[in-house]
There are 2 protein chains.
Amino acid sequence: MKINATILTIGDEILIGQIVDTNSAFIAKQLNTIGIEVEEILSVKDEFQTIMEGFGRGISKADLVIVTGGLGPTKDDKTKAALCKFLGCDLVREEKVIQNIMRLFEERGYKRELNNLNQDQALIPEKSTFIQNKFGTAPCLWTKIDDKIIINLPGVPFEMKGLMRDEIIPRLKNQFKSDEIVHRDILISGIPESDLAILIEDWENQLPEFIHLAYLPNRTSIDLRFTASGENRNDLENIIQQEIDSLKLIAGEYIVAENSGNIVEVLKDILLQKKLTISTAESCTGGSVASLLTSISGSSTYFVGSVVSYATHVKTTVLGVNPSIINQFSVVSEEVAMQMSKGVLKVLNSSLAVSTTGVAGPTRGEDSQEIGTCWIAVTNGNTTLTKKFFYPYLDREDFIKIISNNALNLVVQFVKENY
Amino acid sequence: MKINATILTIGDEILIGQIVDTNSAFIAKQLNTIGIEVEEILSVKDEFQTIMEGFGRGISKADLVIVTGGLGPTKDDKTKAALCKFLGCDLVREEKVIQNIMRLFEERGYKRELNNLNQDQALIPEKSTFIQNKFGTAPCLWTKIDDKIIINLPGVPFEMKGLMRDEIIPRLKNQFKSDEIVHRDILISGIPESDLAILIEDWENQLPEFIHLAYLPNRTSIDLRFTASGENRNDLENIIQQEIDSLKLIAGEYIVAENSGNIVEVLKDILLQKKLTISTAESCTGGSVASLLTSISGSSTYFVGSVVSYATHVKTTVLGVNPSIINQFSVVSEEVAMQMSKGVLKVLNSSLAVSTTGVAGPTRGEDSQEIGTCWIAVTNGNTTLTKKFFYPYLDREDFIKIISNNALNLVVQFVKENY
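Residues numbered from 1 in each chain as written. Chains lettered and ligands numbered in written order. Predicted model: local features only at pLDDT ≥ 70, side-chain atom pairs only at ≥ 80, totals over all residues. Heavy atoms only, no water.

Notes on the pairing of strand β8 (residues 148-153) of chain A
Residue and element names in this part refer to chain A.
Next, step 1: Of all six residues in β8, five are buried; the element is thus mostly enclosed.
Next, step 2: With five bridges connecting them, strand β3 (residues 64-68) and β8 associate as parallel partners. Bridging across to β8, Thr68 finds its partner in Leu153.
Next, step 3: Pairing of strand β7 (residues 140-145) with β8, which is carried by five bridges, proceeds in the antiparallel orientation. Along β8, the bridge assignment pairs Lys144 with Ile149. (Buried < 20%, exposed > 50% of the residue type's maximum accessible area, 1.4 Å probe, protein only. Helix = DSSP H or I, 4+ residues; strand = E, 2+ residues; numbered from the N terminus. Pairing = 2+ DSSP bridges.)

Observations concerning the relation of the copies chain B and chain A
Copy one and copy two of the chain differ by a rotation about an axis and a translation along that axis.
Next, step 1: Screw-axis analysis of chain B against chain A gives a translation of 0.0 Å along the axis, an RMSD of 0.1 Å, and a rotation angle of 180 degrees. With respect to symmetry, the two chain copies, as superposed, fit the operation of a two-fold axis.
Next, step 2: A high fraction, 100%, of the interface residues of chain B reappear at the interface in chain A, so the copies pair face to face through one surface. (Least-squares fit on C-alpha atoms with pLDDT ≥ 70 in both. Contact = heavy atoms within 4.5 Å.)

With respect to helix α2 (residues 23-33) of chain B
Residues spaced three or four apart along an α-helix face the same direction, because each turn holds 3.6 residues.
Next, step 1: Among the 11 residues in α2 of chain B, nine count as buried, and that is most of the element.
Next, step 2: Listed in full, the buried residues belonging to α2 of chain B are Asn23, Ser24, Ala25, Phe26, Ile27, Ala28, Gln30, Leu31 and Asn32 of chain B.
Next, step 3: Contacts made by the buried residues of α2 of chain B are with α1 (12-15) of chain A together with β1 (3-10), β2 (36-44), β3 (64-68), α7 (157-175) and β9 (180-189) of chain B.
Next, step 4: Looking one or two residues past α2 of chain B, Gly35 of chain B carries a phi angle of roughly 80 degrees, positive in sign.

Digging into the environment of Gly72 of chain A
Residues and elements named next belong to chain A.
Next, step 1: Counting through the fold element by element, Gly72 comes out in the loop between β3 and α4 (79-87).
Next, step 2: You can call Gly72 partly exposed: its relative accessible area is 28%.
Next, step 3: When the C-alpha atoms of Gly72 and Asn118 are compared, they prove to be 9.2 Å apart, with 46 residues separating the residues in sequence.
Next, step 4: With residues up to four places along the chain from it excluded, the contact list for Gly72 reads Asp77 and Gln121.

Focus: the pattern of salt bridges
Next, step 1: Counted by the stated rule, this structure contains 31 salt bridges over all chains.
Next, step 2: A single network of salt bridges, built from pairs that share partners, joins Lys2, Glu37 and Glu39 of chain A together with Lys45 of chain B. (Salt bridge = Lys/Arg side-chain N within 4 Å of Asp/Glu carboxyl O.)

A few points about the domain arrangement of chain A
Next, step 1: Domain assignment breaks chain A into domain 1 (3-175), domain 2 (195-257) and domain 3 (263-418).
Next, step 2: Taken over C-alpha atoms, the centre of domain 1 of chain A sits 37 Å from the centre of domain 2 of chain A. (Domains from an automatic or database assignment.)

Some details on unusual backbone geometry
Residue and element names in this part refer to chain A.
Next, step 1: In this model, Asp146 sits at a positive phi of 50 degrees, which is unusual for a non-glycine residue.
Next, step 2: Positionally, Asp146 belongs in the loop between β7 and β8.
Next, step 3: Residue Asp146 is classed as exposed on the basis of its relative accessible area, which comes to 69%.
Next, step 4: Phi angles above zero are rare outside glycine, and Asn349 is one such case at about 60 degrees.
Next, step 5: Structurally, Asn349 is set in the loop between α15 (334-348) and β15 (352-358).
Next, step 6: With relative accessibility at 58%, the residue Asn349 sits in the exposed group.

Some points on the nonpolar core
Where a protein is soluble and globular, its nonpolar side chains tend to be buried together.
Next, step 1: Formed by 71 residues in total, the largest nonpolar core has its most connected members in Leu31, Leu64, Ile151 and Leu172 of chain B.
Next, step 2: Excluding its chain neighbours within four sequence positions, the residues that come into contact with Ile151 of chain B are Leu64, Val65, Ile66, Val67, Cys140, Leu141, Trp142, Ile168 and Leu172 of chain B.
Next, step 3: Formed by 70 residues, the second largest nonpolar core is a distinct cluster that contains Phe26 of chain A together with Leu352, Leu385 and Leu394 of chain B. (Core = buried A, V, L, I, M, F, W, Y, C linked by side-chain atoms within 4.5 Å.)

Remarks on the UniProt feature "domain: MoaB/Mog" (unreviewed entry) in chain A
Next, step 1: In the numbering used here, UniProt assigns the "domain: MoaB/Mog" (unreviewed entry) feature to residues 6-175 of chain A.
Next, step 2: Measuring from the first to the last C-alpha atom of residues 6-175 of chain A gives 17 Å, for a span that is 44% helix and 24% strand. (UniProt positions renumbered as here; feature names shortened; annotations may be inferred.)

Describing the sheet that holds β9 of chain B
Residues and elements named next belong to chain B.
Next, step 1: Sheet architecture is open: four strands sit in the order β10-β11-β9-β12, paired in antiparallel fashion. Among the strands making up the open sheet, the edge pair consists of β10 (211-217) and β12 (255-257). Neighbour to neighbour, the strand axes of the sheet diverge by 35 degrees on average, direction disregarded.
Next, step 2: Where β9 and β12 come together, two bridges link them in antiparallel fashion. (Axes fitted to C-alpha atoms, helices over the stretch in contact; angles between N-to-C directions.)

Things to note about the interface of chain B and chain A
Note on interface size: it is often stated as the accessible area lost on association of the parts.
Next, step 1: Between chain B and chain A, the residue contacts involve 103 residues of the former and 103 residues of the latter.
Next, step 2: Of the roughly 8,100 Å² buried where chain B meets chain A, counting both sides, 54% is carbon and sulfur surface.
Next, step 3: Per-residue buried area on chain B facing chain A is highest for Ile16, Phe158 and Tyr393 of chain B; these three make up 8% of the total on that side.
Next, step 4: At the boundary of chain B and chain A, one finds 12 salt bridges.
Next, step 5: Looking at the side of chain B that touches chain A residue by residue, the classes come out as 43 nonpolar, 29 polar and 31 charged.
Next, step 6: Of the pairings in the sheet, the one linking strand β14 (residues 303-309) of chain A to strand β14 (residues 303-309) of chain B comprises five bridges and is antiparallel in character. Along β14 of chain B, the bridge assignment pairs Ser309 of chain A with Gly305 of chain B. (Buried area = accessible area lost by both parts, 1.4 Å probe. Nonpolar A, V, L, I, M, F, W, Y, C, P; charged D, E, K, R; others polar.)

As structure tokens, then:
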């Protein structure tokens, strides 16, 4: 049975671009794990009428509407009132919510009685049931409308995540016997998207109908994503693997990673398999490579540490880069990248090291190199691989992101070539 | 004159939660700078019918519809066909687009003729005009429908950003004389959201109607956001400043920063003003504090560098933490945090240093401390400020994010208290 959902996120801060709506991606991913597909994501303002319309649209499009935001105690929180109007019911007081708020206040060291606004958080639409929120003061609301469900969650990410994980997903899993959804990504590099599409056209056309293929182009690579849904997860995974095996006969030379949802995970697997450790020496990426590496659990097994050498004197004193090399070639050069990688390898005592030095812009800094230039080096002490990148069009944020990603990709390439 | 917009983002990868839709926030922010308000953001799948409906909904809700995604050369790109059907017109070939693609291929070192899929990228809906995309192969489409406009942009973030910045915003600014929109955030700490709302209720009620106030609660603080729109930016900014001045008389003790859109910017201002430099020694945050500090331009003036001491031996060898202190108090302790901060201050020769040591989870690692525990220390060599945090409910990602943010906040507090 196919079950689908829509996501409705409420909050002016999303519409003015002050925050990126990360809640929706988290919710969509969680729903996918139990076979629920998301039809659309709608973000609207903190406006009574607009929120009501959002409920109506959500319910008309799917079995399930997951809503975040607007449950707080202040004036700009209008979701509960809009839900009442939508349902045509009143608010009733739930004592258990009061107890939860008092527990939270005690935990946070607030020594005072609940005020009116706190009290109001215990008001629940008559037609809804509530789920206690141990992470915050606003309870989660669960409303059945005929055979459909509206679920209201707070917008604060860690509260929403805790409730999704601990309360909503288990309940939904119990309630619906949904089809399984399987995603798998492979990473392609060295061929333009359009050439790839032509090269694999016949193979793509023979894919079974329940497998959907998507091309996700990046700056220097393409993620090819398989999505399949059906009753049995194992069967789906096996069929996708078979299709990838036959794809390898056609385009094997371009496949960089066979399970590439995330380059950080790819690198983790390869480092653990080869029993290698890694450190980073970062200039233009400013700690972002280290941050990526440590973003996943278990990274302490292979990630030793990092020296972010933003100021030039850190390159010479801590990493031992030769000042005359800097003078001769400039800070952003192949030679400095090499010495940085070798320096951090030695200082932090890892088996591999990767370094970055470049000009992120928008100003040139102390270097004479053009904005968008970057050198990356990977070393194990004996062999060193270097590569130059030049992205003059990227803004600072994207430049750092893409260079950091390239650094991890270069490490994968280095390990494949040398181990 | 008030001009409004809706944003339509197209792509299965958004609906399965594989990527976070960062495009919408960027577009919304850019539109806000020229006084255009975003009414809603809708994300839909790569489905012909759904995309067509998206155009219809967008046009019915606002003057302007900004669309991203689905313009690529492969089968899963359906936006152009859906737009043609929506407009009731055919595709026509634009030679100039071919020339742009050939230029890009040359730049990227592809030595071959354009294939059919590349050729198809030069097909433009008859009723649209195109804007050359110097960042990629898919041109931007600009379609007038009576007094409304649909603008189609590629979904690849750096292409979309370049086009918005260089082409779309200047054209829209030229076309519409829109009201100015001003946002201003102040950072409040040390008071629950509900208490704050009651404390400032009278002040809030007397705010002029064109100023909108929003409460954005974080884990340990609240962002209070002012939004005002009107004809003159200066007037709006002055009126908001006056309101903040009168708010200070009521709640001044809780105002941590008077311009807090971003703690990184707040710290930048304060460090530049006091002529201080900073370095970081990071364990559980894994480079994320350094990464935040270097996320903004000009950070090389005050950010010296960082030692990410993930492995314990880096704490002792590079940062000079005493091994017996680690044995006695464990890696996650006030004593180790203090020694880490003092160590990096000395090694990197900065005027201030901040350190983090904690257990991000989901596993405990080599330490016996509970998951969610973290110590942060800030030092200038003479005085050291330490603080313990305990967030057992946070997942790894949020834990790192919130601890990094707390570290920057603690530095701001330290500077305010000591300089």
